[in-house]
Every structure is written in structure tokens, then in C-alpha cells.
Number of protein chains: 2
Amino acid sequence: YPANFGAQPPSANDPMWGYFTAIAGQDGEIDAEELQKCLTQSGFSGTYTPFSLETCRIMIAMLDRDFTGKMGFNEFKELFTALNGWKQNFMMFDQDRSGSVEPHEMSQAINAMGYRVSPQALNGIIKRYSKGGRIFFDDYVACSVKLRALTDNFRRRDTMQQGTVNFAYDDFILCTMAI
Amino acid sequence: YPANFGAQPPSANDPMWGYFTAIAGQDGEIDAEELQKCLTQSGFSGTYTPFSLETCRIMIAMLDRDFTGKMGFNEFKELFTALNGWKQNFMMFDQDRSGSVEPHEMSQAINAMGYRVSPQALNGIIKRYSKGGRIFFDDYVACSVKLRALTDNFRRRDTMQQGTVNFAYDDFILCTMAI
């Protein structure tokens, strides 16, 4: 038996564990296509359109610190917690359950998440994730995942917390291309 | 009359001009959804799957230096030239016209485009744009557009050409979130 002292066993009564293990198979990891299947089968999006492969790829990249393009159960749980928060946030704005929110509501949401971005950057972000002048659930989540992933990558390099980072070209590409 | 000396008039015998104007309408600019329509109607993708909205959004962002989320005819022509190059490149590798290429062919293509990225970054990029272990035309183009846009943004700030850039957080978000 492999030594397992002190390690947290994956919680067998966690309902997500069933979906995850059924899809992950032997290696215990899932890629973006499997993540999409997992989130669709668990019914996470409810009445909203299921997540696109593109959004699932960004979800994987957000937590993929070793660049394998895959996700284990611990990362999956971490993702799931974040997704629940974003979904609640989205539903708070989408009172009529239309599946989309207004640009100014997206601004409010980004501010509420604690990000401090200039009006110019905010404006660019909102234009990028809009469709016909509104922001749909899948794009809202893609935007939230991306903002968190980029901010995490930046913060990890901003060790003195000065709000600036000196990037070498290759590192810049490494932490932006996959997201 | 507005002064127009020296300015190049949009070439009326350019076949793309017809597709563009029909869709752009009065303001003479197109957003990502209109670009998608324009590229689909012109049959640019040929036997390949037409571009996704996601890829069209990155195309707009690549040339959208004023952050309007829109593209005029001059930018459209610039995009079109780049797209033709990428398409030729892709078809050179996709000899059997399957619509997808191998990971190592994607590596070769990125190197051939003149980008100097580490094996780790290259590996991350390829994982990100693969589907079932292969890279499809739409993803290949999305990756090429993104790599060019991020490199352009980096280079524009690397005024001394030292290969490093000092990014403030807001500027980092501004030049990565829309791409």
C-alpha cells in the first residue's frame, strides 16, 4: 500500500466525486473535454447553457500550475467552489432568469469581486465578453475565470506587492497564452 | 468635404470590400459577430469549419488599439492578409485535408512564424489548443492571432528591445483580458 498518513482522502460522500471519478478513469485527472462532460452531466449550469469547451479550457489553465493541461480532484473541488460563487453572483443580477446580464451589472460584479481595474480596462473587458449588448452565463464565467487566473499569475510574481511586475517575454507568453 | 489628400481610398475592386460594406453598414465598422458573418459569407474557411465567435473576438482584439471592440476596413484588410498567411501555413501541414494537424506540426509552425518560445511555453500552448490530441483550423488560427496580439502588446512596451517589460497591474489586465 502507498503511504497515506496525513493525506486527506477524497471525500467519498461528496456528490461531485461520483461524476469526477466516472470520467477521470485510472489516471485520476481530467482534461478540458472531460471537464466539460463532468460539468454538463452534473447539471451545474441548471437552466443556463452548458459551458463551452473554450471556457472549460480556461478553467483548467487557471489551476494548472504544472502545465499538464489536466486537473485532479483537489483542483476540481477548488474550481467548483469558485464556480458556485460566480453562479450565485450571476443569478443575483439575472433576476428574470433570462440567462444574460447587462454590461453595467458585469461592471458591478467585477468590482464586487474585489478587482481594481481602470474604467478603460473594464470597458474593454465588457465589450470582449458581450454578445448583442448583453453578457451570457458562459461568457460571464469565462471572464471571471480569466480575470482570476491572470491576477493570480501577476500576484505570484509581484512578491513585494508593489503592483508592478517585470516580465521576460517567455514568461509573459507562458502565463497568458493558455488563459 | 473632409480633406483626403494622400489617404488611400478603400479599394472598390477589392472583393472583400463588398462583403465588408454589406455587413458594416453606416458606421463602417464591424464587431466580432459581424466579422464572423463576414468571414463565413466570403467562404474564407473553405472546407474547414467556419471560425467560432471566440476566435473572431480575438481577431478584433488583435487590431483594436482604441478598445472600441470594432474593426474598420483598413484593419480588416490587415487581418485578412495575416489570415491568408496562417491558412497557407496550415494547409501545408494538413496534406490530407483532414482539417487538423499534429502537435509537433503546430510547434514547427510557431517556430516558422519566428516566435522564440521555450519548450515549456510551447508545450502549454499546444495542450491548450488541442482537441483529442490534434489541432483544428479554428484553434490553430485562434492560437496564431493570440500569439501575435500578445507579442505585439509586449513589443510595443519593450521600447529598448531588452526582452523584458515592467507591467503595472492595470496595463497587464488591459493587454491580456481582451485577447
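Rules of the game
- Residues numbered from 1 in each chain as written.
- Chains lettered and ligands numbered in written order.
- Predicted model: local features only at pLDDT ≥ 70, side-chain atom pairs only at ≥ 80, totals over all residues.
- Heavy atoms only, no water.
- Least-squares fit on C-alpha atoms with pLDDT ≥ 70 in both.
- Contact = heavy atoms within 4.5 Å.
- Buried < 20%, exposed > 50% of the residue type's maximum accessible area, 1.4 Å probe, protein only.
- Helix = DSSP H or I, 4+ residues; strand = E, 2+ residues; numbered from the N terminus.
- Pairing = 2+ DSSP bridges.
- Buried area = accessible area lost by both parts, 1.4 Å probe.
- Salt bridge = Lys/Arg side-chain N within 4 Å of Asp/Glu carboxyl O.
- Polar contact = N/O pair within 3.5 Å; in protein donor to acceptor, adjacent residues only side chain to side chain.
- Nonpolar A, V, L, I, M, F, W, Y, C, P; charged D, E, K, R; others polar.
- 1 Å grid on protein atoms, 1.4 Å probe; cavity = no way out; pocket = protein on both sides within 12 Å on 5 of 7 lines; lining within 4 Å.
- Points joined across faces, edges and corners; volume = space filled by probe spheres on them.

Asker: Would you mind showing me how to read the relation of the copies chain B and chain A here?
Answerer: Relating one copy of the chain to the other requires a rotation about an axis plus a shift along that axis. Once chain B is rotated about the relating axis by 180° and shifted along it by 0.0 Å, it coincides with chain A to within an RMSD of 0.0 Å. Both copies of the chain, as the preceding transformation shows, are related through a two-fold rotation axis. The position closest to the rotation axis in chain B is occupied by the C-alpha of asparagine 166 of chain B, lying 2.1 Å away. In this assembly the copies share their binding face: 100% of the residues contributing to the interface of chain B also contribute to that of chain A.

Asker: Whenever I open this one, the pairing of strand E3 (residues 164–168) of chain A confuses me. Can you help?
Answerer: Two faces, one strand: in a regular strand the side chains alternate between the faces of the sheet. Burial of the side chains of E3 of chain A is restricted to one face: Val165 and Phe167 of chain A are buried, whereas none of Thr164, Asn166 and Ala168 of chain A on the reverse face is. In this sheet, strand E3 (residues 164–168) of chain B lies alongside E3 of chain A in antiparallel orientation, the contact comprising five bridges. Considered in E3 of chain B, the bridge of threonine 164 of chain A is made with alanine 168 of chain B.

Asker: Would you mind showing me how to read the interface of chain B and chain A here?
Answerer: Where the parts come together, the accessible area they lose is often given as the size of the interface. The partner chain A presents 44 residues to the 44 residues of chain B that form the contact. Buried area between chain B and chain A, summed over both chains or domains, comes out near 4100 Å², and the portion from carbon and sulfur atoms is 59%. Across the contact surface, chain B and chain A share four salt bridges. Arginine 128 of chain A is paired through a salt bridge with glutamate 54 of chain B; the nearest N and O atoms lie 2.9 Å apart. Scanning the region where chain B abuts chain A turns up 27 residue pairs in polar contact (both at pLDDT 80 or more). Counting only elements with at least two residues in the side of chain B that touches chain A, the list comes to helix H3 (53–63), helix H6 (119–129), helix H7 (137–157), E3 and helix H8 (169–174) of chain B. Taken together, the residues of the side of chain B that touches chain A break down into 22 nonpolar, twelve polar and ten charged.

Asker: Hey, could you run me through empty space enclosed by the protein in this one?
Answerer: If a probe the size of a water molecule is rolled over the atoms, the empty space left behind becomes visible. One pass over the full model with this rule turns up two cavities of 30 Å³ or more. Put simply, the largest cavity is a space of about 40 Å³. In terms of lining residues, the largest cavity is bounded by Ala121, Gly124 and Ile125 of chain A together with Phe67, Ile173, Leu174, Met177 and Ala178 of chain B. Sorting the residues of the lining of the largest cavity by element identifies helix H6 (119–129) of chain A together with H8 of chain B as the ones contributing at least two each. Element by element, the count of residues in the lining of the largest cavity is highest for H6 of chain A, at three residues. Here the lining of the largest cavity is built from residues that sort into seven nonpolar, one polar and no charged. Taken as a whole, the second largest cavity encloses approximately 30 Å³ of empty space. Lining the second largest cavity are Phe67, Ile173, Leu174, Met177 and Ala178 of chain A together with Ala121, Gly124 and Ile125 of chain B. Among the secondary structure elements, those contributing two or more residues to the lining of the second largest cavity are helix H8 (169–177) of chain A together with H6 of chain B. Of the residues belonging to the lining of the second largest cavity, the class tally is seven nonpolar, one polar and no charged.

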